[in-house]
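These are the residues of each chain, in order.
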Amino acid sequence: RKEVEQDPGPFNVPEGATVAFNCTYSNSASQSFFWYRQDCRKEPKLLMSVYSSGNEDGRFTAQLNRASQYISLLIRDSKLSDSATYLCVVNSNTGTASKLTFGTGTRLQVTL
Amino acid sequence: NAGVTQTPKFRVLKTGQSMTLLCAQDMNHEYMYWYRQDPGMGLRLIHYSVGEGTTAKGEVPDGYNVSRLKKQNFLLGLESAAPSQTSVYFCASSRRGVGNQPQHFGDGTRLSIL
């Protein structure tokens, strides 16, 4: 089983739609969680951290379910500019460094 | 406002050649990392460093060496390049500390080994 698993997609949605991605992780001791965004042929960029109580940043909402070991990302009112690959990232901290494990990403394509 | 800078951006090598990828960060971060990204596999950690003069192996260290002689620089070396090392290489840095420390990435080096 992969440490971090995501549905690769692609998710094709019309502009204005709401779309949600899930991600599961295998290490129950994981301590922190992130969503990164990666545009085609570009570097990953931090979208948002995921907090235990859930958190929102504009149109983006992240949730964490420790019992079931998954995190989710909800995007409301999708924009064309949201088209990208969304990487689920889990910190299985070694105690000496911020060791991140990346999912392979979920591709989102927002269309007119 | 440079952040993390990688050089070169692109390179083509022949099997057996050597080269060094340079990563420089201006955010005074303690931790630095080298990843490779291959289709369908996500980013995989090659080596990392928690401070000047220290390095450690990541998930896929074979065939690579690294050095962190200065806090702001992290070098990745390929002593004898192999076609399996064709990939996109990303450098990243983060602040010290356990917990919620996100990593900041350079814009990548595309390396092809013929």
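Above: the structure in question.
Parameters and conventions
- Residues numbered from 1 in each chain as written.
- Chains lettered and ligands numbered in written order.
- Predicted model: local features only at pLDDT ≥ 70, side-chain atom pairs only at ≥ 80, totals over all residues.
- Heavy atoms only, no water.
- Helix = DSSP H or I, 4+ residues; strand = E, 2+ residues; numbered from the N terminus.
- Buried < 20%, exposed > 50% of the residue type's maximum accessible area, 1.4 Å probe, protein only.
- Contact = heavy atoms within 4.5 Å.
- Buried area = accessible area lost by both parts, 1.4 Å probe.
- Salt bridge = Lys/Arg side-chain N within 4 Å of Asp/Glu carboxyl O.
- Nonpolar A, V, L, I, M, F, W, Y, C, P; charged D, E, K, R; others polar.
- Polar contact = N/O pair within 3.5 Å; in protein donor to acceptor, adjacent residues only side chain to side chain.
- Disulfide = S-S within 2.5 Å.
- Pairing = 2+ DSSP bridges.
- Axes fitted to C-alpha atoms, helices over the stretch in contact; angles between N-to-C directions.

**Q** Summarise unusual backbone geometry; cite the residues concerned and give the values.
**A** For the bond running from glycine 9 of chain A to proline 10 of chain A, omega is 10°, close enough to zero to count as cis. Between threonine 7 of chain B and the following residue, proline 8 of chain B, the backbone shows a cis peptide bond with an omega angle of -5°. For proline 8 of chain B, the location among the structural elements is in the loop between strand 1 (4-7) and strand 2 (10-13). Although it is not a glycine, glutamine 69 of chain A adopts a positive phi angle of roughly 60°. Considering the arrangement of structural elements, one finds glutamine 69 of chain A in the loop between strand 7 (60-65) and strand 8 (70-75). According to the relative accessible area criterion, glutamine 69 of chain A is buried, its value standing at 17%. Its identity as a non-glycine residue notwithstanding, asparagine 28 of chain B has a phi of 60°, on the positive side.

**Q** Now, about the interface of chain B and chain A: what can you tell me, with residues and values included?
**A** The parts lose accessible area when they come together, and the size of an interface is often stated as this lost area. The interface of chain B with chain A comprises 22 residues on the first partner and 25 residues on the second. Between chain B and chain A, roughly 1800 Å² of surface is buried when both sides are summed, and carbon and sulfur atoms account for 54% of that area. Remark: the boundary between chain B and chain A carries zero salt bridges. Secondary-structure elements contributing two or more residues to the side of chain B that touches chain A are strand 4 (31-38), strand 5 (42-51) and strand 9 (87-94) of chain B. The class makeup of the residues in the side of chain B that touches chain A is 11 nonpolar, nine polar and two charged.

**Q** Hey, could you go over the side chain of arginine 36 of chain B for me, with residue numbers and the actual values?
**A** Residues and elements named next belong to chain B. On the secondary structure map, arginine 36 appears in strand 4. A polar contact is formed between the side chain of arginine 36 and the side chain of aspartate 38, at a distance of 2.9 Å. Excluding residues that lie within four positions of it along the chain, arginine 36 makes contacts with Gly42, Leu43, Arg44, Ile46, Val60, Tyr64, Ser84, Gln85, Thr86, Ser87, Val88 and Tyr89.

**Q** Residues and numbers for the state of the cysteines, please.
**A** All names here are of chain A. Summed over all chains, the structure comprises two disulfides over all chains. At a sulfur-sulfur separation of 1.9 Å, the disulfide partner of cysteine 23 is cysteine 88. When the S-S torsion is -70°, as for the bridge of cysteine 23 with cysteine 88, the disulfide is left-handed. Of the two residues, cysteine 23 sits in strand 3 (residues 19-25) while cysteine 88 sits in strand 9 (residues 84-91), which places them 65 residues apart along the sequence. On the accessibility criterion, cysteine 23 (0% relative accessible area) is buried.

**Q** Please give an account of the sheet that holds strand 3 (residues 19-25) of chain B that cites residues and values.
**A** Residue and element names in this part refer to chain B. Taken in spatial order, the four strands line up as 1-3-8-7 in an open sheet, and their pairing is antiparallel. Across the chains shown, the open sheet's two edge strands, defined by having one partner strand only, are strand 1 and strand 7 (65-67). Here the strands of the sheet are splayed against their neighbours by 20° on average, with no regard to which way each runs. As paired strands, strand 3 and strand 8 (residues 73-78) are joined by six bridges and run antiparallel to one another. Bridged to cysteine 23 within strand 8 is phenylalanine 74.

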